[in-house]
Amino acid sequence: LPLPRTGRTPVRVLTIAGTDSGGGAGIQADSRTMALCGVHAVVAVAAVTVQNTVGVSRFHEIPPDVVADQVRAVVGDIGIGAAKTGMLASTAIIDAVADVCGEVGLGRAGSIPLVVDPVCASMHGDSLLRPDALDAVRHTLIPLATVVTPNLDEVRLITGIDVIDDTTARRAAELLHHLGAQWALVKGGHLRGAATSTDLLYDGDRMISYTRPRVATGNDHGAGDTLAAAIASALAHGRSVPEAVEFAKEWVSRCLAAAYDLGAGHGPVSPFW
Ligand code: PLP
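For the chain, an unreviewed UniProt entry supplies the name Bifunctional hydroxymethylpyrimidine kinase/phosphomethylpyrimidine kinase and the organism Skermania pinensis. Among the UniProt annotations of the chain, the heading Pathway (unreviewed entry) holds the following wording: "Cofactor biosynthesis; thiamine diphosphate biosynthesis; 4-amino-2-methyl-5-diphosphomethylpyrimidine from 5-amino-1-(5-phospho-D-ribosyl)imidazole: step 3/3." Word for word, the UniProt comment on the chain under Function (unreviewed entry) is "Catalyzes the phosphorylation of hydroxymethylpyrimidine phosphate (HMP-P) to HMP-PP, and of HMP to HMP-P."

Structure follows, in structure tokens:
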């Protein structure tokens, strides 16, 4: 993506998500991905996680009206070319985000593209979403999405479909589109045993697949956030959804190949490639 020239105002992208005190995922991954994609990141914090490379021990939810007011404050003054959501934690926060998205024209019903990463749990299985909020993810959050980007665990929780092959991945993409997302990206990266990683992108018409060699690393913390942030950055630069996904897949492949050890657990994907 084109980097801004010195002194020129870059494109802006909003992330509405949770923090990661370990600096690997969430808003920290979003902000640095966006910076490296030539974007000024603006932020609405939805939750604060207490987290390191070993796991998430607890999280604190930001009051829903404070989340929505952060969005109003930055969209009105600074203006954005795209946005993404990550960890939203609860039904009340999802409802507040949906309301403010409608108000400021964010998402498929508005004029500003919105990437929805339906974050449910960390890679260690620690919950990042209250279990009773799954219905709000299905029926309030996903219908806002220009593109929704679940991993296979999230696909199972949201649709009940256990993706084991191309046929089940297609069924999941169709169901996610049916739930209201303009585009559904079913990420195959968590499919064990495969030598390649295939993601399927579907808009009710085109089914586009993206295949990359699997990168063997235990350090993949923040990969999903990085992908969604790179998609949102490319959309803000004016790319189409299929082009933005192509760009972001390549970006994450490089970040995975350069991932580093950190702490006693899973290190993060690396921005230094
Ligand atoms: N913490 C926060 C705040 C996140 O948003 C996410 C992922 O979306 C995670 C942790 C989990 O990241 P991972 O599944 O890569 O461990």
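Caption draft 1: Up close: the packing of helix 3 (residues 91-104) against helix 4 (residues 134-141). Where helix 3 meets helix 4, the closest approach of the two axes is 9 Å, and the angle between their N-to-C directions is 10°. In terms of axis orientation, helix 3 runs roughly parallel to helix 4. In contact with Thr91, Ile94, Asp95 and Ala98 of helix 3, helix 4 contributes Ala136, Val137, Thr140 and Leu141. Considering only residue class, the contact of helix 3 with helix 4 consists of five nonpolar, two polar and one charged.

Caption draft 2: Up close: the sheet that holds strand 9 (residues 207-213). A sheet is described by the order of its strands in space; here nine strands give the open sequence 3-2-1-4-5-6-7-8-9, paired in mixed fashion. Strands at the two margins of the open sheet, each flanked by one partner only, are strand 3 (56-61) and strand 9. Pairing analysis gives four bridges linking strand 7 (residues 183-187) to strand 8 (residues 196-202), with the strands arranged antiparallel. Paired with valine 186 across the strands is leucine 200, a residue of strand 8.

Caption draft 3: A look at the pairing of strand 9. By the bridge criterion, seven bridges tie strand 8 to strand 9 in an arrangement that is antiparallel. Bridging from a neighbouring strand, serine 197 pairs with arginine 212 of strand 9. In textbook terms, the turn of a hairpin is the stretch between consecutive antiparallel strands, and for strand 8 and strand 9 this stretch comprises four residues, one of which, glycine 204, has a positive phi near 90°.

Caption draft 4: Summary view of helix 3. Helix length check: helix 3, at 14 residues, gives a terminal C-alpha distance of 20 Å against a target of 20 Å (1.5 Å per residue), a fit within 8%. By the burial criterion, the buried members of helix 3 are Ile93, Ile94, Ala96, Val97, Ala98, Val100, Cys101 and Val104. Following helix 3 by one or two positions, glycine 105 has its phi on the positive side, about 80°.

Calculation rules
Residues numbered from 1 in each chain as written. Predicted model: local features only at pLDDT ≥ 70, side-chain atom pairs only at ≥ 80, totals over all residues. UniProt positions renumbered as here; feature names shortened; annotations may be inferred. Axes fitted to C-alpha atoms, helices over the stretch in contact; angles between N-to-C directions. Helix = DSSP H or I, 4+ residues; strand = E, 2+ residues; numbered from the N terminus. Parallel < 35°, antiparallel > 145°, perpendicular 65-115°, else oblique. Contact = placed C-beta atoms within 7 Å. Nonpolar A, V, L, I, M, F, W, Y, C, P; charged D, E, K, R; others polar. Pairing = 2+ DSSP bridges. Expected span 1.5 Å × (residues − 1). Buried ≥ 20, exposed ≤ 12 C-beta atoms within 10 Å, placed from the backbone.

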